[in-house]
Amino acid sequence: MPKSFFAIVLGVLAVLAVFVLGAVGYLLTQRPPTGPVQRVYAEANPAITYLPQPVGFAPEGHPMITHVAIADLEGTGLPGILVCDATANRVGWIRQSPRGVFTEQFIGDPVEGPAHVAVCDVNGDGRPDLLVACMGQILPNNDKIGKIVVMENLGGGRFRNRVVAEGIARVNDVRGADIAGHGRMDLVVGQFGYVQGEMRWMENLGDWKWREHTLLSVPGTIMTPVADFEGTGRPDVAALVSQDSEQVYGQVHLFRNLGDGRLEDSVLWKTENIEYGSSGMTAADLNGDGLPDLIFSNGDGFNSAFAATAPWHGLQWLENRGHGTFVYHRIGDSPGCYSPVCADLSGKGGRHLDVVTVSAFNNSLDASAVTLTAWLNDGHEHFTPVALAHEPTRLVTVAAGDLDGNGIPVLVTGGMYAYPPYAQMSRVTIWRRSR
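A brief look at the structure comes next.

Calculation notes
Residues numbered from 1 in each chain as written. Predicted model: local features only at pLDDT ≥ 70, side-chain atom pairs only at ≥ 80, totals over all residues. Heavy atoms only, no water. Helix = DSSP H or I, 4+ residues; strand = E, 2+ residues; numbered from the N terminus. Buried < 20%, exposed > 50% of the residue type's maximum accessible area, 1.4 Å probe, protein only. Contact = heavy atoms within 4.5 Å. Areas by Shrake-Rupley, 256 points an atom, 1.4 Å probe, with all protein chains shown as cover. Polar contact = N/O pair within 3.5 Å; in protein donor to acceptor, adjacent residues only side chain to side chain. Salt bridge = Lys/Arg side-chain N within 4 Å of Asp/Glu carboxyl O. Pairing = 2+ DSSP bridges. Axes fitted to C-alpha atoms, helices over the stretch in contact; angles between N-to-C directions. Core = buried A, V, L, I, M, F, W, Y, C linked by side-chain atoms within 4.5 Å. Phe/Tyr/Trp six-rings, centres within 6.5 Å; stacked < 30°, edge-to-face > 60°.

**Description of the overall build of the protein chain**
Then, number 1: Scanning the protein chain from terminus to terminus reveals one helix and 29 strands.
Then, number 2: For the protein chain, buried positions account for 57% of its 435 residues.
Then, number 3: In the protein chain, 50% of the contacts between residues at least 6 apart in sequence involve partners at least 24 apart.
Then, number 4: As displayed, the protein chain has an accessible area near 17400 Å², and 53% of this comes from carbon and sulfur atoms.

Here is the structure:
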């Protein structure tokens, strides 16, 4: 039989397996939660509180929002919200105009399985373009159905899709940076794939032409934050890889930029825990020493039938000590932990940042299960977890930014409902500080 037939059969089996596991998870989550699920949230009167406001299109069916980001696409000083909607296979723009009024529209042409969107002026015309990582299909699939799409900003709210690469392993992340030092925006690409995947960077040759450079030839890359980790003035690349060869099931890589497009790989951290569940990573100067650190989470549940709130789920910090040295710190336990972002929530002036996480894989039938958490920094990098919300459930992505123009970070979350129970659902929600 033709290979395409077997590929279709395997794809169908993979989808069925996910929903079977989801059903098992649904049954198992009806048991009382086990392990150190909520013991870390001990405050009766939390230091800060946030109130939710749904924005954008109303939820229909089972929303699948894979990523949200805050960006000012028009240069008006009124940032809006970018939304990767894997149900509609579109990128949404929740435009703010006037202040405090939010209206959503889909932009560009449809994209299959949008997983991440980043803002970058790719062609140097002064207008922010959008880099869209397309998985082709969000649920597990080993077919070469991924795409790298640049939504070129034509002005006036119009965007044109330009496909940089297609027919490749499923793409989880795309970031823009001048890796080669030639004055043009190159692309850093993480391809989770499934059984096969890779990580690459695409050299911008100008006139929408690109040259591919492979960085890793293993599956599982989730996030690829870019920053000058070495203090050389050149952008380095970090990567959170959730699986590899030789029984390694989570790694943080750093690709040091040596100049002239040369990137040198090193492994900063790794685990052999088969169910570790790497789920997100960001770069930020957490302790205010002028060096960008790496903050990463683990809490993915696709490999554990979505049922168990594993005691190893939580939040980590790789402290950048300079000269290529990073020190690992466990910030705290958090079941189903996802999508860390850093912001000055407690008004310390921005020197020592707090962290916000969401929980996508938690006990949805337990009313005490926390879905939105603030990790408050005391200024000495001791973090107190504060439960900000217990519903909606299945929050997979969070962004933080000054949407209101008052210097107070607003949080934006997106819900993803790939499996039951379909309860307390949301699509996109704004969270404003009330205390």
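**Describing the side chain of D354**
Then, number 1: Inspection of the secondary structure assignment puts D354 in strand β24 (residues 354-359).
Then, number 2: At 3.1 Å, the side chain of D354 and the side chain of S346 are in polar contact.
Then, number 3: Engagement of the side chain of D354 in a polar contact is seen with the backbone nitrogen of N377, the distance being 2.7 Å.
Then, number 4: If sequence neighbours within four positions are ignored, D354 has contacts with L286, V341, C342, A343, D344, L345, S346, K348, W375, L376 and N377.

**What to know about unusual backbone geometry**
Then, number 1: Following S97, the chain continues into P98 via a peptide bond in cis, with omega recorded as -5 degrees.
Then, number 2: If you trace the backbone, P98 turns up in the loop between β4 (90-96) and β5 (102-107).
Then, number 3: In this model, D260 sits at a positive phi of 60 degrees, which is unusual for a non-glycine residue.
Then, number 4: Here D260 shows up in the loop between β17 (250-259) and β18 (262-271).
Then, number 5: Residue H323 is not a glycine yet carries a positive backbone phi of 60 degrees.

**Concerning the pattern of salt bridges**
Then, number 1: Under the definition given, this model contains 17 salt bridges.
Then, number 2: R427 is paired through a salt bridge with D85; the nearest N and O atoms lie 2.9 Å apart. Separated by 342 residues along the polypeptide, R427 in the loop between β28 (410-415) and β29 (428-433) and D85 in strand β3 (residues 80-85) bring together distant segments of the chain.
Then, number 3: Look at the salt bridges and you will find they share partners, linking D85, E104 and R427 into a network.

**Topic: the sheet that holds strand β8 (residues 146-155)**
Strand pairing in a sheet relies on backbone hydrogen bonds. The paired strands run either parallel or antiparallel.
Then, number 1: Here four strands make up an open sheet; going across it, the order is β6-β7-β8-β9 and the pairing antiparallel. The two strands at the open ends of the sheet, each matched to only one other strand, are β6 (114-120) and β9 (158-168). Recorded for the sheet is a direction-independent mean angle of 20 degrees between the axes of neighbouring strands.
Then, number 2: As defined by bridge partners, β8 adjoins β9 across nine bridges and the pair is classed as antiparallel. The residue bridging E152 from the neighbouring strand is R160, located in β9.

**Notes on the nonpolar core**
Then, number 1: By size, the foremost hydrophobic cluster in this structure holds 30 residues, and its most contacted members are L345, L372, L388 and L411.
Then, number 2: If you list the elements that add at least two residues to this core, you get β23 (337-343), β24, β25 (372-377), β26 (383-389) and β27 (395-401).
Then, number 3: In this structure L388 touches I48, Y50, L372, T373, A374 and L411, once residues within four positions along its chain are discounted.
Then, number 4: In terms of nonpolar packing, the next biggest core, distinct from the first, is built from 17 residues, A238, L254, W269 and F296 among them.

**Topic: the pairing of strand β7 (residues 129-134)**
Then, number 1: Taken across its six residues, β7 has six buried, putting it largely inside the fold.
Then, number 2: Burial along β7 is two-sided: the residues D129, L131 and A133 and L130, V132 and C134 are all buried.
Then, number 3: Here β6 pairs with β7 via six bridges, running antiparallel. Across the sheet, A118 pairs through a bridge with L131, a residue of β7.
Then, number 4: In this sheet, β8 lies alongside β7 in antiparallel orientation, the contact comprising five bridges. Residue pairing in the sheet places A133 in a bridge with I148 of β8.

**Quick word on the sheet that holds strand β20 (residues 293-298)**
Then, number 1: Pairing is antiparallel in the open sheet, where four strands are placed in the order β19-β20-β21-β22. Bordering the open sheet on either side are β19 (278-284) and β22 (325-333), each of which pairs with just one other strand. Going from strand to strand, the sheet's axes swing by 20 degrees on average, the running direction of each strand aside.
Then, number 2: Strand direction decides the pairing type here: β19 and β20, joined by six bridges, are antiparallel.

**Concerning the packing of aromatic side chains**
Each aromatic ring pair is characterised by the separation of its centres together with the angle its planes make.
Then, number 1: Here the structure, examined in full by the defined rule, presents seven aromatic pairs.
Then, number 2: Each ring, one from W269 and one from F296, has its centre 4.9 Å from the other, and the planes form 55 degrees; the classification is tilted. Taken together, the residues span a long stretch of sequence, with W269 in strand β18 and F296 in strand β20 at a distance of 27 residues. Comparing W269 with F296 shows no difference in burial state: the two are buried.
Then, number 3: With a centroid separation of 5.7 Å and 40 degrees between ring planes, the pair formed by Y338 and F361 is classed as tilted. Note that Y338 is positioned in strand β23 and F361 in the loop between β24 and β25, a separation of 23 residues in sequence.

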